[in-house]
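# Report on the structure
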Amino acid sequence: MSTTATTSASTPSGTASGSSGGRRPMSRSRERANWPATIILIVCSLAVLVPLLVTINMSLKSDAQAVEGEAFALPSPLTFQAFADAWELTDFPRALAVSGFVTLLAVAGEIVISSLAAYAIVRNWDRRLFRWSFFYLLAAMFIPFPVVALPQVQLTGIIHLDTPLGVAILHIVFALAFNTMLFTAFLRAIPMSLEESMRVDGATTWQVYWRLIFPLLGPMAATVGIFAFLGSWNDFMMPSLIISDPTLQTLPVLQNMFQTQFNNSYNIAFASYLMAMAPAIIVYLLAQRWVISGLTQGAVK
């Protein structure tokens, strides 16, 4: 009896010590750094940070030092005159207002219209019209803009939409296919039980969408909004082709002057680029936390 008790008492301790001893190598292996991935991330980060630092460095130089073309030489003397010159040359307040108008209208339109289209398609997938409408939108993704550029220029001129408003409408239309595909994949994960509970209480389709579905689309709406903002804010081709009034051009089009008559004013060009980059960076920093947030956590008990 004593031998059996001793054996049975020693076995759990031995098993426990063996299991604990076996877990240590696993925890150590998990703590090991993934050096290939780390090196790739470092190289990618440098590929972004080095040009940004060069841009900041060049924008703080004087005209004489900027002409020398030494990108990594520190500015001596340190001056902010390039920002003032860029402000005047591009008429920055007016160009900022035009770009902001086009971008905000495009972002709001893409989120609302694409989400409405996706909601109608997902909830009526059994109907042939909605199903084929989705396939039609997917087919439109394979048509590049240069193919339809000339007809769009002629059409906007005929209906007098050769303005920033016309550019915003075209941004919404050309992004409808991709955004609808994103919202469609996202909406399929929303359980129907949420909608059914509201419809039992007498809610209409519009009430279900605006009070339930649209708030749940927050993460995907942020993703679509970031894509829409960057695409509209940095777009050069469409405003340059559509807008006929030179005084209503957007920032990217006006900055083209630094590639032509002011091609030697590197410090002014880089200062203008920094001022145009600032809103996009601020918007991304404010909205990026929504991109990876959850969808319906806590919605269904």
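Below: a short report on this structure. Keep in mind it's a predicted model, so treat the numbers as computed, not measured.

### Let's talk about the packing of aromatic side chains
Geometrically, a pair of aromatic rings is defined through the distance of the ring centres and the angle of the planes. For the coordinates displayed, the defined rule picks out 15 aromatic pairs. Seen in terms of ring centroids, Tyr119 and Tyr209 are 5.6 Å apart; in terms of plane orientation they differ by 45°. Their pairing is tilted. With a gap of 90 residues between them, Tyr119 in helix 5 (residues 92-123) and Tyr209 in helix 11 (residues 205-216) connect regions that are remote in the sequence. When sorted by exposure, Tyr119 lands in the same class as Tyr209, which is buried.

### Thoughts on helix 11
Spanning 12 residues, helix 11 covers 15 Å between terminal C-alpha atoms, matching the ideal 16 Å at 1.5 Å per step. Val208, Tyr209, Leu212, Ile213 and Leu216 are the residues of helix 11 that are buried. The buried residues of helix 11 occupy an angular sector of 130° when the element is viewed end-on, so they sit on one face. Of the residues in helix 11, the exposed ones pointing more than 90 degrees away from the buried face are Trp206 and Arg211. On the buried face of helix 11, the contacting elements are helix 5, helix 9 (176-187), helix 10 (192-200) and helix 12 (218-233).

### Some thoughts on the pattern of salt bridges
Evaluation of the coordinates by the stated rule reveals 2 salt bridges. With its nearest N and O atoms 2.6 Å apart, the salt bridge here joins Arg123 to Glu195. One end of the pair, Arg123, is in helix 5; the other, Glu195, is in helix 10, with 72 residues separating them in the sequence. Classification of Glu195 as buried rests on a relative accessible area of 1%.

### Thoughts on the packing of helix 5 against helix 12
Between helix 5 and helix 12, the shortest axis-to-axis distance is 9 Å and the interhelical angle comes to 145°. Classified by chirality, the crossing of helix 12 by helix 5 is right-handed. Listed contacts from helix 12 to Leu96, Ser99, Gly100, Thr103, Ala106, Val107, Glu110 and Ile111 of helix 5 are Ala221, Val224, Gly225, Ala228, Phe229, Ser232 and Trp233. Its residues assigned to classes, the contact of helix 5 with helix 12 shows 9 nonpolar, 5 polar and 1 charged.

Reading the values: rules and limits
- Residues numbered from 1 in each chain as written.
- Predicted model: local features only at pLDDT ≥ 70, side-chain atom pairs only at ≥ 80, totals over all residues.
- Heavy atoms only, no water.
- Phe/Tyr/Trp six-rings, centres within 6.5 Å; stacked < 30°, edge-to-face > 60°.
- Helix = DSSP H or I, 4+ residues; strand = E, 2+ residues; numbered from the N terminus.
- Buried < 20%, exposed > 50% of the residue type's maximum accessible area, 1.4 Å probe, protein only.
- Expected span 1.5 Å × (residues − 1).
- Arc of directions from axis to C-beta.
- Contact = heavy atoms within 4.5 Å.
- Salt bridge = Lys/Arg side-chain N within 4 Å of Asp/Glu carboxyl O.
- Axes fitted to C-alpha atoms, helices over the stretch in contact; angles between N-to-C directions.
- Left-handed = near helix turned anticlockwise from the far one by under 90°.
- Nonpolar A, V, L, I, M, F, W, Y, C, P; charged D, E, K, R; others polar.

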